[in-house]
Amino acid sequence: MGLESRLEERYSGIYDSHQKFFLVPVVLILLSAGALGFSYLGNGEFLDKGTDFTGGTEAQFNVNGSFDPVEIEQVFSSAGKPGANVIVQETTEGDNLLVEIPPPDISQDEARQILEDAGYSVEVLQFNSISASVSEQFFVQAQIAFVLAFTVMSIVIFTAFKDITPSIAVVFAAAGDILVAGAGMVILGIPLTLGSLAALLMLIGYSVDTDIVLSSRSLNRERGSLESRMWESLKTGVTMSSGGIAGFTLLYIVSYLVVGPSELSNIASVMVIGLMADMPLTWLGNTAILKSYIEGESLIYRGGN
Amino acid sequence: MDKKDLLKEWRIWVLGISLLVSTVLLVPWGNSTLFFDTGGDQIGFQTNLDNRTSIEFSGGTRLLLELETNETGQELNTLANNVRQTLEIRLSNLNIPDPSVRVIDIGGEEYRVQVEVSSSNQTRLRNVLQREGSFESRMPVPVQDSRNFTLGDFDYGFERSDRVVNVEGFDNNYSASLEQGDRIQISDNGVNRYNTSFVYKNYANSSSTAMLEAVTYSGDDIENVVSGESRISGGGGNFRFSFPVIISSESAENRLHISQNYRQGIEYLELENRSAARLRLYVDDNLENSLNVASVFGSQAETRSVIQGGGQTRGEAEESMGELQGILESGSLAAPVNVVSSSTLSATRGGQFMTASILSIIGSLIAVGLAVFARYKDPRVVLPIVFTGASEVYILLGAYFTTVGTLSLSAVAGIIAAVGTGVDDQIIITDESGREELQGWKQKMKNAFFVIFTSAASTIGAMLPILAPSTVSYLIGAAGLGLMGYTLYSRGRNKHYIGIGAFAILVSVFTTTLGPSGAALSTIHEFARTTILGILVGITITRPAFAKFIEYIKE
């Protein structure tokens, strides 16, 4: 028996017990909501906002010689910039110094002068600073963009499928992907920046691909059994997700190795988390909803098989 | 379908022509496209993309400037556009290639000015941009006890009492009292429609002298900066620059009237104590330079004047000259500006990002190819998928990034996202084509393209709010109305559309009241544009060609 046949047989078992397996995405979503809620209780924000949305300064330096991150934090604190967060970035070209300073924002010269006064010889590789008022406005606009993007996607799905249940299933799966990606960002410490926002918006579009494949094939009753149609959809969808995961994983690895943590690696990691979350949400969650809808079964798991 | 039919297929031709056009746009014709680095151990290709990279790849600085004003809405927009024009002129004098200055709407009727240049020298840039740029050329008027001063046919008396200087007009009723830092304007000066300004600069305790300065001309009076006659001279740590300016005839006459109050030396104008009456050049009330004044200015109304300055090195002198010329040409800012956001990337860092991006695009194509190979295990299917993905990247680079787009970090992420959606669609086409033969080829492709178009519409819909949230907000409202209208027109079919339509209208109204603005998210605009264009290139050019190719393989 070939691998595909064995997988198909395994899928048949999942298909027959879809109510039981429906709990997997439900638990995943609950855990993600829990992680986001925990973050909210901890720091008053669901997602850790980056400099783009909080204001402040983020600077990367190439330091000539060795440096101690704790000492550099103290250097900034002594210079009247308390709360600086210093991270050592390992790249293929050596260690860089990343300094994050909370608002108010400071100028490039000021940041360099503080380090040079402390006896460090530094070269500025990258410098970003933004005032709190502008970043606040950026955050408002980011939220507007997100709400609009999700609404447009929902209208497209409802118009394309017409039926309410499959459409809601697709929209919920997309919302679940975003929720899990958000939880992943909290757990991995990826801040919400303009880059990671772009990834979340992209995820809205990306995540519905597999759901559309599943829904359109499952609802087309002319060909084969529902189980075979869903199995065919799964093969297509998993290949699609695998391609995306492979591509973005490589983007993460390459960008991390060459430049260290950056906007590119943030985008890549959010996409990978979202695409990975899409698999259980689509193939265990959405499948169960569609099966119940098409065959008129209950979705509530009452124990047993 | 045989090979001949495939080659005659117009979809294949469209793909071929698109690749050809992209090549034409990418290759810098007339120049050598093959290059070696200076050591000769690296080889590469020059393309027309080299000048179309953002500061994230070439290194540079992006600043967001806020205007110090209480204006909002259209008035602020007009003011910001005035500031933009002023800054464009200043930057054009800095010898920085392709500086970009634009007004952006960050939402809530707030406008900012965004400046992007390829220089990483943020200090110099701030110095040029943040200077208000009010220029004045002044002559010293020391008042020890009292002195007379003539302006044309009008005589005035300056009298110091302790630290205060009283000014009185002998031929008119003019009278004023000045303290340190004060400024007066005298209109009875023999010059039509032109006032002579006096500034009480400082008071020297040691000599009990109040130092007033008479403004001979200001930046507003400069009609032309003759940059073509700029000179740099000197050496040994003392370089001088000079360039002529043409001032208005009124200000030339004003200068003549002021200069007539000084002794005519052999070469230069002199104060009463025979020391040189040095002309002082101020920018934003900061003394930039002081020069001797040729005697000729005391006898003729010269409209040509020479501005001078210097620096320790030739480069410094050139920089200072460029900055001063920029300020004189542009005039003063319509409102003072503050830097509220700044980003700087060094060229080294930009180079690293470029390497990471190139490797990521090539690597993601290979990674996707391997993932697809694991499923199909058939190079005849996998190679066209990878080739089609690579074609989309090539067409995007050639047709978009050499003409309109700017190759930025977010654009690279967009390219990879577009490759991902493209490969997804090719997998859908491949799988649809391989399904049981109950349906014809047309029906299979209809099924495949239903999925492709729906997912393309979702993704484009998710990206558009980054670029034009206002328009999307209105469109959502219109779509909501449409859904409700459709339900009513179709007599209750899809009743849930009423709820969805109502929800869409609510979202539209709510987001519109918040003042949505795409410019606030300008950093990720290229991501959205590239993704949308990548999808459009895919559904109009590469995917139809790929579908035909798969049909050829299957048959």
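In this text, all values refer to a predicted model and were calculated from it rather than measured experimentally. (Residues numbered from 1 in each chain as written. Chains lettered and ligands numbered in written order. Predicted model: local features only at pLDDT ≥ 70, side-chain atom pairs only at ≥ 80, totals over all residues.)

Draft legend 1. Here's a closer look at the overall build of chain B. Counting secondary structure elements, chain B contains 14 helices and 22 strands. For chain B, the C-alpha radius of gyration of 34 Å lies well beyond 24 Å, the compact-globule estimate for 555 residues. Along the longest, intermediate and shortest principal axes, the C-alpha atoms of chain B span 110 × 70 × 35 Å. Here chain B holds 555 residues, and 44% of them are scored as buried. Expressed as a percentage of contacts within chain B between residues at least 6 apart in sequence, the contacts between residues at least 24 apart total 68%. (Helix = DSSP H or I, 4+ residues; strand = E, 2+ residues; numbered from the N terminus. Rg over C-alpha atoms; globule rule 2.2 N^0.38 Å. Buried ≥ 20, exposed ≤ 12 C-beta atoms within 10 Å, placed from the backbone. Contact = placed C-beta atoms within 7 Å.)

Draft legend 2. Molecular detail of the sheet that holds strand β7 (residues 146-151) of chain B. Residue and element names in this part refer to chain B. The antiparallel open sheet is built from four strands, whose spatial order is β7-β8-β9-β10. The open sheet has two edge strands, β7 and β10 (175-178), and neither has a second partner. Sheet twist, expressed as the mean angle between neighbouring strand axes with direction ignored, is 20°. Alignment of strand β9 (residues 164-169) against β10, held across four bridges, turns out to be antiparallel. Among the inter-strand pairings, Val167 is bridged to a residue of β10, identified as Ala176. (Pairing = 2+ DSSP bridges. Axes fitted to C-alpha atoms, helices over the stretch in contact; angles between N-to-C directions.)

Draft legend 3. Inspection of the pairing of strand β19 (residues 279-283) of chain B at higher detail. Residues and elements named next belong to chain B. When strand β6 (residues 135-143) meets β19, the two strands line up antiparallel, connected through four bridges. Counted as the bridge partner of Arg138 is Arg280 from β19. Two strands pair when backbone bridges link them, and β19 and strand β20 (residues 286-291) are joined in this way by five bridges, in the antiparallel orientation. Residue Arg280 lies in a different strand from β20, and its bridge partner there is Ser290. Hairpin connection between β19 and β20: a loop of two residues separates the two successive antiparallel strands, and Asp284 in this loop has a positive phi of roughly 50°.

Draft legend 4. Up close: the domain arrangement of chain A. All names here are of chain A. Split by domain assignment, chain A resolves into domain 1 (3-50 + 134-295) and domain 2 (56-130). Looking at the side of domain 1 that touches domain 2, the elements with two or more residues in it are α7 (132-161) and α10 (226-259). A per-element tally of the side of domain 1 that touches domain 2 places α10 first, with three residues. Taken together, the residues of the side of domain 1 that touches domain 2 break down into five nonpolar, two polar and no charged. (Domains from an automatic or database assignment. Nonpolar A, V, L, I, M, F, W, Y, C, P; charged D, E, K, R; others polar.)

Draft legend 5. Representation of the packing of helix α10 (residues 409-433) of chain B against helix α14 (residues 525-554) of chain B in the model. Residues and elements named next belong to chain B. At their nearest, the axes of α10 and α14 sit 8 Å apart, and the two run at 25° to each other. Judged by the angle between their axes, α10 and α14 are roughly parallel. Read as a crossing pair, α10 and α14 show a hand that is right-handed. In terms of residue class, the contact of α10 with α14 is built from eleven nonpolar, twelve polar and five charged. (Parallel < 35°, antiparallel > 145°, perpendicular 65-115°, else oblique. Left-handed = near helix turned anticlockwise from the far one by under 90°.)

Draft legend 6. View of the interface of chain B and chain A. Taken together, the contact between chain B and chain A spans 80 residues of the former and 64 residues of the latter. Residue contributions to the side of chain B that touches chain A peak at 16 residues, all from helix α8 (residues 347-376) of chain B. For the side of chain B that touches chain A, a count of residues per class yields 42 nonpolar, 31 polar and seven charged. The pairing of strand β4 (residues 121-130) of chain A with strand β22 (residues 337-345) of chain B spans five bridges and is classified as antiparallel.

Draft legend 7. Summary view of the domain arrangement of chain B. Taken domain by domain, chain B holds domain 1 (3-46 + 349-464 + 521-554), domain 2 (60-130 + 336-345), domain 3 (135-312) and domain 4 (469-517). A straight line from the C-alpha centre of domain 2 of chain B to that of domain 4 of chain B covers 38 Å.

Draft legend 8. Fine view of unusual backbone geometry. The omega angle of the peptide bond from Pro103 of chain A to Pro104 of chain A is 5°, so this bond is cis rather than trans. Residue position: Pro104 of chain A is located in the loop between β3 (94-101) and α6 (108-117). Positive phi values are uncommon outside glycine, yet Asp162 of chain B reaches one of about 55°. A positive phi angle is found at Asp284 of chain B, which is not glycine, with a value near 50°. Inspection of the secondary structure assignment puts Asp284 of chain B in the loop between β19 and β20.

Draft legend 9. Examining the sheet that holds strand β11 (residues 183-186) of chain B more closely. Residue and element names in this part refer to chain B. Here six strands make up an open sheet; going across it, the order is β11-β12-β13-β6-β19-β20 and the pairing antiparallel. Since the sheet does not close on itself, it has two edges, and those belong to β11 and β20, each with one partner. Between one strand axis and the next, the sheet turns by 35° as a mean value, whatever way the strands run. Relative to strand β12 (residues 196-204), β11 runs antiparallel, the two being bridged by four bridges. Bridge pairing in β12 places Gln185 opposite Ser197.

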